[in-house]
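The primary structure of each chain is shown beneath.
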Amino acid sequence: MKLESVELRRIRLPLVAPFRTSLGTVREREILLVRVVGPDAEGWGECVAFVEPFYSYEYVGGAHDVIREHLLPRLFGLDDVTAELVAPTLQGVRGHPMAKGALEMAILDAELRAQRISFGEYLGGARTEVDCGVSVGIHENVDELLRTVESYLEEGYRRIKLKIEPGQDIEPVRAVRERFGDILFQVDANAAYTRLDGERLAQLDEFGLLLIEQPLAEEDIRGHAELAKVVGTPICLDESITSARGAEDAIAMGACRIVNVKAGRVGGYLEARRVHDVCRANDVPVWCGGMLETALGRAANVALAALPNFTLPGDTSASGRYYAEDICEPFVLHDGRLAVPTGPGLGLTPIPEVLERVTTSVEICRPEA
Ligand code: NPG
């Protein structure tokens, strides 16, 4: 398609409750949405970068700028841009996977809407619905934590993920396991530990966790491989995996036995599918991570999570986990699952009056005349 214009829209959504992680506490989500307009269709993309560069070096203001100043000029130069062409066309710009991923997602959505193909069909989904887990933040005290976990289990979530950090790990994990028995249960450290914490993390082995996610720093692949020798619970990597090649190397080095797949972290859904394929070839199960997306990103994640090697419940929660009002028809949990949208492209679009209400700025970019 020839790009006629691209809308860069910033929206702000309050969270239903503060979400505390070792990276910091999120109380609202400022999100950059991308809408590409072509002759036959338009498409939506969601940039998952947060307002602060605390998960990775990307942040929403930087993504907005790099898209306007460096990425769009390259794409406007193409007579016929397709999703497959986005990554190769943008490789001259180093990094910025979340910014690039938002553009690729929007262009893929427009392409598929024009062809009347759904994301699920295009990506090769094997299922019509996906098992859903939920991410639980760090709580002030164990009683509050147990009430939160109980409420999510009552909603039907099939897996609990608990954020941990030094000093907020063994006790809360023990309390959840003792109260709720053999539920599917895992923890996420967001790189809060060091190579010296092997013994401390090995104490988690007694709780039969599915995995320990990203205990060490993003770049410490060797440290994770060493940790895997002293910790029995499988190590899962998130921040460390920024490409299919990176996944292959981390697996080969024994740094992880499970991978959290996040399209934004690896530059888009096409690379995310390549990560899935590499992991499948190495008998490494994957699950779909989340970045508190709106229903747009959630729709793409649910379609991705339907691929065959997504054998663990993902952080593909219902819209209501984070937002009282989503910008599209909300995702609602049924029997601990979300249905994969079947409409063309993402299968949903923002509700105009809701979108207008949560919009903080709109910028239209056009090819140089
Ligand atoms: O359910 O969308 C979701 C969020 C899942 O815990 C989640 N995301 O590290 O994966 C992560 C984590 C995160 C939280 C990332 C806050 C960035 C900020």
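Whatever comes next refers back to the structure up there.
Keep in mind the model is a prediction, meaning the values are calculated, not measured. Residue positions are given per chain, counted from 1 along the sequence in the order it is written. Only residues with pLDDT of at least 70 get local features here, since the model is predicted, and only at 80 or more are side-chain atom pairs given and counted; chain-wide, interface and lining totals rely on the full set of residues. As a rule here, side-chain values cover all heavy atoms of the structure and leave hydrogens and water aside.

Engineer: So what exactly am I meant to see when it comes to the packing of helix α2 (residues 83–90) against helix α3 (residues 97–115) here?
Structural biologist: Packed helix pairs are characterised by how far apart their axes lie and by the angle those axes make with each other. Angles run from 0 to 180 degrees between N-to-C directions of axes, and those axes are lines fitted to C-alpha atoms, restricted for helices to the stretch in contact. A helix here means a DSSP run of H or I that spans at least four residues, while a strand means a run of E at least two residues long, and both kinds are numbered starting from the N terminus. Two elements in contact, α2 and α3, have axes separated by 8 Å at closest approach and are oriented at 155 degrees. When the axis of α2 is compared with that of α3, the two are roughly antiparallel. As α2 packs across α3, the resulting crossing turns out to be right-handed. Where α2 abuts α3, its residues A83, V86 and L90 lie against K100, L103, E104, I107, L108 and E111. Residues are grouped as follows: Ala, Val, Leu, Ile, Met, Phe, Trp, Tyr, Cys and Pro are nonpolar; Asp, Glu, Lys and Arg are charged; all remaining types, including Gly, are polar. Considering only residue class, the contact of α2 with α3 consists of six nonpolar, no polar and three charged. Note on terminology: angles under 35 degrees are roughly parallel, angles over 145 are roughly antiparallel, angles of 65 to 115 are roughly perpendicular, and the others are oblique. Handedness of a crossing follows from how the near helix is turned relative to the far one, being left-handed for an anticlockwise turn of less than a right angle and right-handed for a clockwise one. Residues count as neighbours in contact if any of their non-hydrogen atoms are within 4.5 Å of one another.

Engineer: Can you walk me through the site of the ligand in this structure?
Structural biologist: Whether a residue is near a molecule or strand depends on its heavy atoms: it is near if one of them lies within 4 Å of it. Taken together, 18 residues lie around the ligand, and S135, N190, K262, L292 and Y322 are the ones closest in. Polar contacts here mean pairs of N or O atoms no more than 3.5 Å apart (in protein, one a potential hydrogen donor and the other a potential acceptor; neighbouring residues in sequence count only if both atoms are side-chain atoms). One of the side-chain nitrogen or oxygen atoms of K163 is found 3.2 Å away from an oxygen atom of the ligand. N190 places a side-chain nitrogen or oxygen 2.7 Å from an oxygen atom of the ligand. Computed with the Shrake-Rupley method and a 1.4 Å probe, the accessible areas treat only the protein chains shown as cover for residues. Against a free-state accessible area of 430 Å², the protein chains account for coverage of 100% of the ligand. At the level of elements, β1 (5–21) and β6 (159–163) are the ones that each hand at least two residues to the shell around the ligand.

Engineer: Could you clarify how one ought to interpret the nonpolar core in this entry?
Structural biologist: Soluble globular proteins tend to pack their nonpolar side chains together in the buried interior. By nonpolar core we mean a set of buried residues, namely Ala, Val, Leu, Ile, Met, Phe, Trp, Tyr and Cys, connected to one another through side-chain atoms within 4.5 Å. Accessibility here uses a 1.4 Å probe with only protein chains present; expressed as a share of the type maximum, an area under 20% marks a residue as buried, one over 50% as exposed, and anything in between as partly exposed. Membership of the largest hydrophobic core comes to 126 residues, with the highest contact counts inside it found for F119 and L204. Ranked by residue count, the leading element in this core is α3, at ten residues. Each domain span listed reflects an automatic or database assignment of domains. Counting contributing residues per domain, this core is built from domain 1 (5–116 + 350–365) and domain 2 (121–339), each supplying no fewer than three. Once residues within four sequence positions are removed from consideration, F119 is found in contact with M105, L108, D109, L112, Y269, A300, A303, G345 and L346. Judged by nonpolar contacts, the second largest core, of five residues, contains L211, C236, I258 and W287.

Engineer: Could you clarify how one ought to interpret the pairing of strand β7 (residues 185–188) in this entry?
Structural biologist: The alternating pattern of β7 places F185 and V187 and Q186 and D188 on opposite faces, both of which are buried. The criterion for strand pairing is that DSSP finds at least two bridges linking the strands in question. Relative to β7, β6 runs parallel, the two sharing four bridges. Bridge pairing links L162 to V187 in β7. Chirality of the crossover, the property in question, places the unit of β6, helix α6 (residues 170–180) and β7 among those that are right-handed. Crossovers are marked right-handed if the path from the first strand over the helix to the second runs clockwise, as seen with the strands pointing away from the viewer.

Engineer: Explanation requested: the environment of T342 in the structure shown.
Structural biologist: Its place among the elements puts T342 in the loop between β12 (337–339) and α13 (352–358). Owing to a relative accessible area of 72%, T342 belongs among the exposed residues under this scheme. The sequence separation of T342 and A114 amounts to 228 residues, and the corresponding C-alpha distance is 14 Å.

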